[in-house]
Every structure is written in structure tokens, then in C-alpha cells.
Amino acid sequence: MSEVFKFRGVEGLVFAKVTTDNNEAEGGGYVTGPVKPLSPVGEIGKSTESDSATDYYDNQPMIVTNSTGSDEVTLRVAPPALDVYAEITGQYYDEATGAMVEGERDNDYFAIGYITKGTDGKKRYVWRYKGTFAIPEETSATEDDSTDSNDLELTFTGINTTHKFTKTGRTAKALVVDERMDKVDFSTFFDQVTTIDTLTKKA
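In short, a report on the structure. Here the structure is a predicted model, which is why all the values come from computation and not from measurement.

Looking now at a negative patch on the surface. Together, Glu49, Glu72, Glu137 and Glu153 make up a region of like negative charge exposed at the surface. Tracing the sequence through the fold places Glu72 in strand 5 (residues 60–77).

Dropping the structure here:
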């Protein structure tokens, strides 16, 4: 893959509730609920906490210790439907009236999936396995004769799973697959939360 490209496009933001995340010995593994659309997405950004320290011996650097923390994923989206908004932020939604009650929160974890696109038209498919959504800030301004409007910025804090996947023997934060490699069948990628253990090779 020698072509140079830049990111130019994002689409297909979905989510699924993480219902089980533990070691197989504890009788569960990694299990999620159904995949649902979250909201039309305008922009996605990610930053990762990381740190490194150098230890010196005999007057020279000998060991570098690295650590990696959580991911902070920012999602600029159109305001989600109230039932989706309530679910991802752990608030109460009343099916009968379609009302959301802001107050005490459930501390649920979610997986999120999306597609990024390059200037060459090729795509990368992403699943992030476990994280929580912060309550977003909202801004509503008076209408005037300009074209100004406001969307919503969600913050998703992603962490490693507790479950260790069979293929790697390790926990994971995310799976990123590039169609430029032409090795994977993407037709069912978002039917469920795809992991390295369930990823399907191209026939």
C-alpha cells in the first residue's frame, strides 16, 4: 500500500451497549447488545493519554518505560433522538411519552463503530470496544438573518476491554480495518460488534 492519501470523510456512526466484559474463566467473554445508529456525524477526533520515562544507569540512558492510558474520542454530531441520547448518557427515557428525564445516571459502557474515508475514495472501518459518554454541552442561540446553527459534541472515553481475545491473547481498545488491503469482507462488519476473533476474511 504505497499510495498517499489524507482523511476526507466520516460516516455511519453506530453504537452497541456492552453487556458482558470479563475473562472466559468467569463465564462471559465480550458480549454486546444490538447495533443501533447513533446520529449523523460531522467530525470524529481521537487523542490518547500516553507517557514515557527514561531511566539512566552508568551515566547513560538504558531503559525507556512507556504507558498508554484512555482514548478521548470527540464526535461532532447532529443532536441525537431523545431515546438514543438517554441511552448513551445513562438517563431515563419514558417510552410512553417520549420524554427524557435528566438526573441520576446509569454507568453503562458502549462500543462505537464508524467509517473514515480518504481522498482516494477508500475507507477504513472502525470498532471501539468499550467506553462511556460524558454529558455533552448544548448551545441554542436565537434565530437571526445568518446561517448559524448548533450541533452537538459528544465525548467518548475509551478503555481496554477486560476480556482477552483468543487470536491475540490480549485485551483491546479498538479494531481498525482498511479496505486498501483488500483482505476483509465488510458486508457484515456493522451487523454486530466485530472483533479480531469474528473478523471475516475475503473469500
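Below, the discussion takes up the pattern of salt bridges. Close approach of charged atoms allows side chains with opposite charge to pair. Per the stated rule, a full pass over the model turns up eleven salt bridges. For the salt bridge of Glu87 with Lys36, the shortest nitrogen-to-oxygen distance reads 3.0 Å. Here the residue Glu87 occupies a position in helix 1 (residues 82–89), and Lys36 occupies one in strand 3 (residues 36–37), the gap between them amounting to 51 residues. Several salt bridges share partner residues, and in doing so they unite Asp120, Arg124, Asp178 and Arg180 into one network.

The calculated volume of the second largest pocket comes to roughly 240 Å³. What lines the second largest pocket is a set of 15 residues, among which Phe7, Ile44, Gly45, Tyr114 and Thr116 lie closest to the centre. Among the residues making up the lining of the second largest pocket, the classes are represented as six nonpolar, four polar and five charged.

In this section: the environment of Met62. Turning to its location among the elements, Met62 is positioned in strand 5. Residues Met62 and Gly42, 20 residues apart in the sequence, show an inter-C-alpha distance of 45 Å. In this structure, Met62 is in contact with Asp55 and Tyr57, ignoring residues within four places of it in sequence.

Glancing now at the nonpolar core. One finds Leu38, Leu75, Ile112, Phe133 and Leu154 to be the most contacted residues of the largest nonpolar core, which totals 21 residues. At four residues, helix 1 tops the list of elements feeding residues into this core. Leaving out residues up to four positions away in the same chain, Leu154 has contacts with Leu38, Val73, Thr74, Leu75, Val77, Ile88, Phe133 and Pro136. Core analysis: the second largest hydrophobic core is formed by 17 residues, Tyr129, Leu175, Val184 and Phe186 among them.

What follows deals with the pairing of strand 1 (residues 7–21). By the bridge criterion, seven bridges tie strand 1 to strand 8 (residues 110–118) in an arrangement that is antiparallel. Across the sheet, Val14 pairs through a bridge with Gly113, a residue of strand 8. Here two bridges tie strand 1 to strand 3, and the two strands are oriented antiparallel to one another. Across the sheet, residue Val14 finds its bridge partner in strand 3, namely Pro37. Taken together, the three bridges between strand 1 and strand 2 (residues 30–32) define a ladder with antiparallel strand orientation. Looking at the pairing, Thr20 lines up with Val31 of strand 2.

The full count for this structure, using the stated rule, is 13 aromatic pairs. Relative to Tyr129, the ring of Tyr30 lies with its centre 5.6 Å away and its plane at 65 degrees, an arrangement referred to as edge-to-face. A residue pair is termed long-range when its members are at least 10 positions apart, and Tyr30 in strand 2 and Tyr129 in strand 9 (residues 123–133) qualify at 99 residues. Residue classification places Tyr30 among the buried residues on the basis of a relative accessible area of 14%. The interplanar angle of 25 degrees and the centroid separation of 6.0 Å between the aromatic rings of Tyr125 and Phe190 together place this pair among those described as stacked. Highlighted residues: Tyr125 in strand 9 and Phe190 in the segment after strand 11 (174–178), separated in sequence by 65 residues. Counting every residue linked through ring pairs, the aromatic cluster contains Tyr125, Trp127, Phe186, Phe189 and Phe190.

Each value, and the rule that gives it
- Residues numbered from 1 in each chain as written.
- Predicted model: local features only at pLDDT ≥ 70, side-chain atom pairs only at ≥ 80, totals over all residues.
- Heavy atoms only, no water.
- Patch = residues over 30% accessible without salt bridge, like charges linked within 9 Å, V, L, I, M, F, W, Y side chains within 5 Å.
- Areas by Shrake-Rupley, 256 points an atom, 1.4 Å probe, with all protein chains shown as cover.
- Salt bridge = Lys/Arg side-chain N within 4 Å of Asp/Glu carboxyl O.
- Lys, Arg positive; Asp, Glu negative; His and termini not counted.
- Charge placed at Lys NZ, Arg CZ, Asp CG, Glu CD.
- Helix = DSSP H or I, 4+ residues; strand = E, 2+ residues; numbered from the N terminus.
- 1 Å grid on protein atoms, 1.4 Å probe; cavity = no way out; pocket = protein on both sides within 12 Å on 5 of 7 lines; lining within 4 Å.
- Points joined across faces, edges and corners; volume = space filled by probe spheres on them.
- Nonpolar A, V, L, I, M, F, W, Y, C, P; charged D, E, K, R; others polar.
- Contact = heavy atoms within 4.5 Å.
- Core = buried A, V, L, I, M, F, W, Y, C linked by side-chain atoms within 4.5 Å.
- Buried < 20%, exposed > 50% of the residue type's maximum accessible area, 1.4 Å probe, protein only.
- Pairing = 2+ DSSP bridges.
- Phe/Tyr/Trp six-rings, centres within 6.5 Å; stacked < 30°, edge-to-face > 60°.

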